[in-house]
Amino acid sequence: MGRIGAILAVLGVVAAPITSGDTAYRSARLIIADILHVGQKKVWSRLAIAIPLFAISGALVFVDFDILWRYFAWTNQTLATCFLWTAAVWLWDHHRNYWIAFLPAVFMTLVVTSYIMAAPEGFKLPLTPSLITGAVLAIVLATWFLRAVRKRA
């Protein structure tokens, strides 16, 4: 790909993570400010949240990256699961085919719950109780959702 490929590679390896990190820090700062009801118009109020946030991030540099990556991966999948549940509710509320989000939400609930229950960085339970916990939570949420659908229909 020559020079253009090299430029694209540099942009992908350098620029994309920098902008993603910037967005992540800004989002985290704004979420914390919202939870704590701290205005963000003054520079000092921004720094009051940003400095501890950067300090925590700096401390995480000394944690084994493999462990951090596994937590990140699980959190990412858990967030996707929450979004699937949200999408299922939205689709149902707008009289659309909610099954397209509902079924993956149930499956992913089982997966992310079972994983964190069994994982070495999670609760370290044996596989069978972990799977049972994931299945029970998935069934409870699915039942709750379907009862709400029937009740409102």
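Above this text is the structure in question.
As the structure is a prediction and not an experimental result, all values here were calculated from the model.

Visitor: Would you take a moment to explain a nonpolar patch on the surface for this structure?
Guide: Together, I31, I32, I35, L36 and V38 make up a nonpolar patch on the protein surface, roughly 440 Å² of accessible area in all. Structurally, V38 is set in the loop between helix 1 (2–36) and helix 2 (43–60).

Visitor: What's the story with the nonpolar core in this structure? I'm lost.
Guide: Counting residues in each nonpolar core, the largest one holds 17 residues, and the members touching the most others are W85, Y98, A101, F102, V106 and F145. Residue assignment for this core shows that the elements contributing at least two residues are helix 3 (65–93), helix 4 (99–118) and helix 5 (127–152). Setting aside residues no more than four positions away along its own chain, F102 makes contact with W85, A88, A142, F145 and L146.

Visitor: Explain the layout of surface pockets here, please?
Guide: In this approach, a probe sized like a water molecule rolls over the atoms, and the result shows the empty space that is left. In this structure, the largest pocket spans a volume of roughly 510 Å³. As for the largest pocket, its lining consists of G21, A24, Y25, A28, L53, I56, S57, L60, F65, L68, W69 and F72. Those elements that provide at least two residues to the lining of the largest pocket are helix 1, helix 2 and helix 3. Looking at the lining of the largest pocket, its residues break down into 10 nonpolar, 2 polar and no charged. The volume enclosed by the second largest pocket comes to roughly 160 Å³. The wall of the second largest pocket is formed by W85, V89, L141, W144, F145 and A148. Mapped onto the lining of the second largest pocket, the elements with two or more residues apiece are helix 3 and helix 5.

About the cut-offs
Residues numbered from 1 in each chain as written. Predicted model: local features only at pLDDT ≥ 70, side-chain atom pairs only at ≥ 80, totals over all residues. Heavy atoms only, no water. Patch = residues over 30% accessible without salt bridge, like charges linked within 9 Å, V, L, I, M, F, W, Y side chains within 5 Å. Areas by Shrake-Rupley, 256 points an atom, 1.4 Å probe, with all protein chains shown as cover. Salt bridge = Lys/Arg side-chain N within 4 Å of Asp/Glu carboxyl O. Helix = DSSP H or I, 4+ residues; strand = E, 2+ residues; numbered from the N terminus. Core = buried A, V, L, I, M, F, W, Y, C linked by side-chain atoms within 4.5 Å. Buried < 20%, exposed > 50% of the residue type's maximum accessible area, 1.4 Å probe, protein only. Contact = heavy atoms within 4.5 Å. 1 Å grid on protein atoms, 1.4 Å probe; cavity = no way out; pocket = protein on both sides within 12 Å on 5 of 7 lines; lining within 4 Å. Points joined across faces, edges and corners; volume = space filled by probe spheres on them. Nonpolar A, V, L, I, M, F, W, Y, C, P; charged D, E, K, R; others polar.

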